[in-house]
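Here is how the chains run, residue by residue.
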Amino acid sequence: LGPEYVVERLRARKAGPGIVADLVLSVPAGLSASAAHQVGEHGAVALRRAASEAGVAVADVQVHLDPSDRQERDTCLAALPSTLEKRVTSRALRHPRVRGVAHCVVRYDNTKVLAKVDVILPDAMTLRAAHGVAGALRRSILRGVPELHEVDVDCELDERRARTSRRGVGRGRHTSCM
């Protein structure tokens, strides 16, 4: 996490087959609420990762943040999920066959950072071609956003023009490509 974050206390107790942990971190007093939340997320992920490497299952981690007297800001944290979502969206929009991004979400799952992006592809695209675009997007996003562990790409077909040519008949189709 960095030298400005101090583990003040770590307590764990057995709960079923795993443990429940309480982690208390000291953080700079001038840290914004969103940055402090991110520090807490990083602390929980780091603890889960270390426990996993030691062969210990973690059922839950509670992180408590206590402000210290320091005022400096952290520049070593990974980006917030909203920033990663913007980077994933930007990367997806670079593909020449992608007409838009309907939805993008980045989340933490234990020690992994996961993304799901729904892209809009041309209506006339075949399933094989859509699958190829999804595979290329997945590889491009994982290369361009190295903080991610996995990316799920769903394809939606853009039927706006097809609907207007059929006087509004039809709905958008959706297929999961990757």
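Residues numbered from 1 in each chain as written. Predicted model: local features only at pLDDT ≥ 70, side-chain atom pairs only at ≥ 80, totals over all residues. Heavy atoms only, no water.

Q: Explain helix α2 (residues 81-93) to me, please; I cannot follow it from the model alone.
A: Look at α2: 18 Å from first C-alpha to last across 13 residues, which is about the 18 Å you get at 1.5 Å a residue. Residues of α2 that are buried: L84, V88 and A92. What you see down the axis of α2 is that its buried residues fit within an arc of 75 degrees, all on one side. Considering only its buried residues, α2 is in contact with β4 (100-109), β5 (112-122) and α3 (127-144). (Helix = DSSP H or I, 4+ residues; strand = E, 2+ residues; numbered from the N terminus. Expected span 1.5 Å × (residues − 1). Buried < 20%, exposed > 50% of the residue type's maximum accessible area, 1.4 Å probe, protein only. Arc of directions from axis to C-beta. Contact = heavy atoms within 4.5 Å.)

Q: Where do I start with the environment of V88 in this structure?
A: With respect to the element layout, V88 can be found in helix α2. Non-local contacts of V88, meaning those with residues more than four positions away in its chain, are made with C104, A115, V117, I141, V145 and L148.

Q: Could you clarify how one ought to interpret the pattern of salt bridges in this entry?
A: Summed over all chains, the structure comprises six salt bridges. K116 serves as the salt-bridge partner of D118, at 2.6 Å between the closest nitrogen and oxygen. The class of D118 is buried, set by a relative accessible area of 8%. Its relative accessible area of 27% is what places K116 among the partly exposed residues. The residue D154 makes a salt bridge to K116 at a minimum N-O spacing of 3.0 Å. Taken together, the residues D154 in strand β6 (residues 150-158) and K116 in strand β5 connect sequence positions 38 residues apart. Residue D154 is classed as buried on the basis of its relative accessible area, which comes to 6%. When salt bridges with common partners are traced through the structure, they connect R11, R13 and D22 into a single cluster. (Salt bridge = Lys/Arg side-chain N within 4 Å of Asp/Glu carboxyl O.)

These results come straight from atomic positions and should not be treated as a statement about function.
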